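Coordinates in review
The residues making up each chain are set out below.
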Amino acid sequence: MGVLGRSAPQVRTRRRDTLVRQHRSFPRLFGSLLLVVAAGVSSVGAAPERVRPAPAHDVKARPLGQVVPAPARVRPGGSPYAITASTRIRVDASRADSREARRIGSYLAGLLRPSTGYALPVTEGHGDGGIRLRLGSSDRSLGEEGYRLESGRGGVTLTAREPAGLFHGVQTLRQLLPASVEERSRQRGPWTIAGGTITDTPRYAYRGAMLDVSRHFMTVSQVKLYIDQLALYKINKLHLHLSDDQGWRIAVDSWPRLAAYGGSTQVGGGPGGYYTKAQYRDLVSYAASRQLEVIPEIDLPGHTNAALASYAELNCDGVAPPLYTGTSVGFSSLCAGKEVTYDFVDDVVRELAALTPGKYLHIGGDEAHSTSHEDYVAFMDRAQAIVRKYGKTVVGWHQLTGATPVKGAVAQYWGYDETGADERLRVAAATKAGTRLVLSPADRVYLDMKYDRNTVLGQAWAGYTEVDRAYDWNPATYLADAGVAEDAVLGVEAPLWTETIVTSDQLESMAFPRLPGVAELGWSPAATHDWNTYKSRLAAQGPRMTALGIDYYRSPLVPWPAG
Ligand code: ACM
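Thresholds, definitions, all that
- Residues numbered from 1 in each chain as written.
- Predicted model: local features only at pLDDT ≥ 70, side-chain atom pairs only at ≥ 80, totals over all residues.
- Heavy atoms only, no water.
- Helix = DSSP H or I, 4+ residues; strand = E, 2+ residues; numbered from the N terminus.
- Buried < 20%, exposed > 50% of the residue type's maximum accessible area, 1.4 Å probe, protein only.
- Areas by Shrake-Rupley, 256 points an atom, 1.4 Å probe, with all protein chains shown as cover.
- Pairing = 2+ DSSP bridges.
- Axes fitted to C-alpha atoms, helices over the stretch in contact; angles between N-to-C directions.
- Parallel < 35°, antiparallel > 145°, perpendicular 65-115°, else oblique.
- Left-handed = near helix turned anticlockwise from the far one by under 90°.
- Contact = heavy atoms within 4.5 Å.
- Disulfide = S-S within 2.5 Å.
- pLDDT = per-residue confidence, 0-100.
- Salt bridge = Lys/Arg side-chain N within 4 Å of Asp/Glu carboxyl O.
- Expected span 1.5 Å × (residues − 1).
- Core = buried A, V, L, I, M, F, W, Y, C linked by side-chain atoms within 4.5 Å.
- Phe/Tyr/Trp six-rings, centres within 6.5 Å; stacked < 30°, edge-to-face > 60°.
- Lys NZ or Arg CZ within 6 Å of the ring centre and 35° of its normal.

1. Looking at the overall build of the chain
Scanning the chain for helices and strands turns up 17 helices and 19 strands. Split into buried and exposed, the 563 residues of the chain put 61% on the buried side. Accessible area of the chain: about 20400 Å², with a carbon and sulfur share of 52%.

2. Description of the sheet that holds strand S9 (residues 196-200)
Strands sit in the order S1-S9-S6-S7-S5-S3-S4 across an open sheet of seven strands; the sheet is mixed. The sheet is open, and its two edges are formed by strand S1 (73-76) and strand S4 (122-124), each paired on a single side. Between one strand and the next, the sheet's axes are offset by a mean angle of 15°, whatever the strand orientation. In this structure, S1 lies alongside S9, joined through four bridges in antiparallel fashion.

3. Thoughts on the packing of helix H16 (residues 514-523) against helix H17 (residues 531-547)
Axes are the key here: two packed helices are described by the angle between their axes and the distance separating the axes. Packing of H16 against H17 leaves a shortest axis separation of 11 Å and a crossing angle of 125°. Judged by the angle between their axes, H16 and H17 are oblique. Relative to H17, H16 is oriented so that their crossing is right-handed. Facing H16, whose interface residues are Pro516, Gly517 and Glu520, H17 presents Tyr534, Arg537 and Leu538.

4. With respect to the state of the cysteines
This model, assessed by the stated rule, comprises one disulfide. Each sulfur of the disulfide joining Cys316 and Cys335 lies 2.0 Å from the other. Classification of the bridge connecting Cys316 and Cys335 rests on its S-S torsion, roughly 100°, and on that basis the disulfide is right-handed. A residue pair is termed long-range when its members are at least 10 positions apart, and Cys316 in the loop between helix H9 (305-310) and helix H10 (339-354) and Cys335 in the loop between H9 and H10 qualify at 19 residues. Overall, Cys316 belongs to the exposed group, its relative accessible area being 58%.

5. A closer look at the confidence of the model for the chain
Chain-level pLDDT for the chain is 90 on average; 88% of the residues reach the 70-or-more range. The model gives residues 1-61 a pLDDT under 50, and that stretch makes 115 contacts with residues more than four places away or in other chains.

6. As for the packing of helix H4 (residues 98-116) against helix H5 (residues 163-176)
Orientation of H4 relative to H5, taken along the N-to-C sense of each, is 15°, at an axis distance of 10 Å. One way to sum up the angle between H4 and H5 is to call them roughly parallel. As for the relative orientation of H4 and H5, their crossing is right-handed in sense. Each of Glu100, Ala101, Ile104, Tyr107, Leu108 and Leu111 in H4 lies in contact with H5, whose residues at this interface are Pro163, Leu166, Phe167, Val170, Gln171, Leu173 and Arg174.

7. As for the environment of Val68
Among the secondary structure elements, Val68 is positioned in the loop between helix H3 (56-61) and S1. Counting along the chain gives 107 residues from Val68 to Gln175, while the straight-line C-alpha distance between them is 8.1 Å. Setting aside residues no more than four positions away along its own chain, Val68 makes contact with Gln175, Leu232, Tyr233, Pro516, Glu520, Tyr534, Arg537, Leu538 and Gln541.

8. What about the pattern of salt bridges?
Scanning all chains against the criterion turns up 23 salt bridges. Residue Arg207 is joined to Glu145 by a salt bridge in which the shortest nitrogen-to-oxygen separation is 2.8 Å. On the criterion of sequence distance, the pair formed by Arg207 in strand S10 (residues 206-212) and Glu145 in the loop between strand S5 (130-135) and strand S6 (147-152) is long-range, its members being 62 residues apart. Between Arg469 and Asp417 there is a salt bridge; the shortest N-O distance is 3.1 Å. Here Arg469, found in helix H14 (residues 467-471), pairs with Asp417, found in the loop between strand S17 (410-413) and helix H12 (421-432); they are 52 residues apart in sequence, far enough to count as distant. According to the relative accessible area criterion, Asp417 is partly exposed, its value standing at 46%. A network of salt bridges, in which partner residues are shared, links Asp212, Arg215, Asp244 and Glu499.

9. Notes on H5
Over its 14 residues, H5 runs 20 Å from end to end, which matches the ideal 20 Å to within 8%, given 1.5 Å per residue. The element H5 is extensively covered by neighbouring structure, given that 14 of its 14 residues are classed as buried.

10. Brief notes about the nonpolar core
Burial of nonpolar side chains together is a common tendency in soluble globular proteins. If you look at the biggest cluster of nonpolar residues, it comprises 144 residues, and the most contacted ones within it are Tyr226, Trp248, Tyr275 and Phe344. One finds Met210, Trp397, Tyr446 and Trp461 within the second-largest nonpolar core, a separate group that totals ten residues.

11. What to know about the pairing of strand S7 (residues 155-160)
For S7, a buried count of six out of six residues is recorded, marking the element as mostly surrounded by other parts of the structure. Alternating residues of S7 divide into Gly155, Thr157 and Thr159 and Val156, Leu158 and Ala160, and every residue in both groups is buried. In this structure, S5 lies alongside S7, joined through six bridges in parallel fashion. Looking at the pairing, Leu133 lines up with Leu158 of S7. The sheet contact formed by S6 and S7 spans six bridges and is antiparallel. Across the sheet, residue Ser151 finds its bridge partner in S7, namely Val156. Between the antiparallel neighbours S6 and S7 lie two residues.

12. Thoughts on the packing of aromatic side chains
A complete count under the given rule lists 22 aromatic pairs for this structure. Considering the side-chain rings of Tyr446 and Trp461, the 5.9 Å spacing of their centres and the 90° angle between planes classify their relative orientation as edge-to-face. Of this pair, Tyr446 sits in the loop between helix H13 (442-445) and H14 while Trp461 sits in the loop between H13 and H14, and the two are 15 residues apart along the sequence. As far as burial versus exposure is concerned, Tyr446 and Trp461 are alike and both buried. Following the ring pairs from residue to residue traces out a cluster consisting of Trp397, Trp414, Tyr416, Tyr446, Trp461 and Trp497. Positioned above the aromatic ring of Tyr261, the side-chain terminus of Arg257 is 4.5 Å from the ring centre. For Arg514, the ring lying beneath its charged end belongs to Tyr451, and the centroid distance is 3.8 Å.

What follows is the structure, given as structure tokens:
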């Protein structure tokens, strides 16, 4: 399907709506005066905490629960809380992991300080009032990623069992504030959070986004920017597609030409690039600081032209092909019959596993059209054993179910409405034998699919995917007709292939606003699922994305606020 499907990209520049950034910066002194008046305090920084109730229309504009992804339980009520010049961020210091809580407190302060202009000191201790971050709750119902947010006249308290919960709670708190809080220059408040309680836990443990850094290389700062954007929507896995025909993007000490030569170009023939191990570790730790686990993918045994070009001995005929800068798929294969192939896989997986604190390692397995079925099965058997040997859980694209998935393997389903019954039944059979699924249906959540016929970037082989189509499906029942049970679904992932994507603006125009919808499918209870209410909550994200500089597609299906 992919060979036919992946048509030549249109590498023209997309004509995007020009986003009007709202830079409402004031001269410093004038701004401070306004802030003093707005906050109702006598002087910036030294005033005792006093609350100025927000105007009713302001609270109405941002009701508790006007958040993406929709929180599991929202109980509005009571007085709002207003962040003022004297607000402190208090971190509960009673546990060994208070360092994490403090780090999250500093992250929150870093988000709020530029726009509010407040000092927002992060302090330890149990004092009342202000923004309180409490870690180590004994409430088991919050799980590893859940949190409770209680907002009232005296303050806002976030409670969680684990750092991930606290971090996700911070994302909710952030979204309850006006969108202008995301600006990086001083803005007018008031910085009011509606009163009430949110208790929130995710529907799925796996909520992923994939970035193809092979077709077009993405720099460390581009990836970090995307990580920050993903974190806002509680995505917790970043799958990096690190190798493909057009480029090998991670340094491997035992096979240095993979990156040095195999990473030296990209689609269209640009300079490409790769991550040194130090850069990759930095990315992994940055992702961890945003509660995302990085899942590295080395695509095998197809999609390997960059490796085959780098080392002649990996080819069955011993001849290295040239580097490839086109966009066809299915023409390359490692040589399943050669022992050196498995030395190569062993070295690559060992080095990659050592760079990977997370549990998953993805070995691709898709579109191996130049590998015989027999070779494919034999190869995937050995490749999976190597992944297990280095202590990682195998992930593969769902073609892995055409071989023999090892115990505990995860298959990433990327079929679409036209995927044949045989293939769906084969995937379902694998789930009955214990394989779990991450769902990435190509005509729903492939972020490189065009929105409609006017979208210049992206591809259309799986059809056009407007924002409603990306959101309006149910992961639990998506493959039910083939016999996949609800509990076989580990979660969802939105891949972004980059044949036509070069810049962060282009990436954003394809990912947003579809990605928040996929994030909601992954996080929010099925009972909250409703396109009509979702589209209003999504619309409220428009000014927030604008303030963040996210170059999102202004889908006509979403009632974006005017202005
Ligand atoms: C894929 O889109 N070839 C996984």
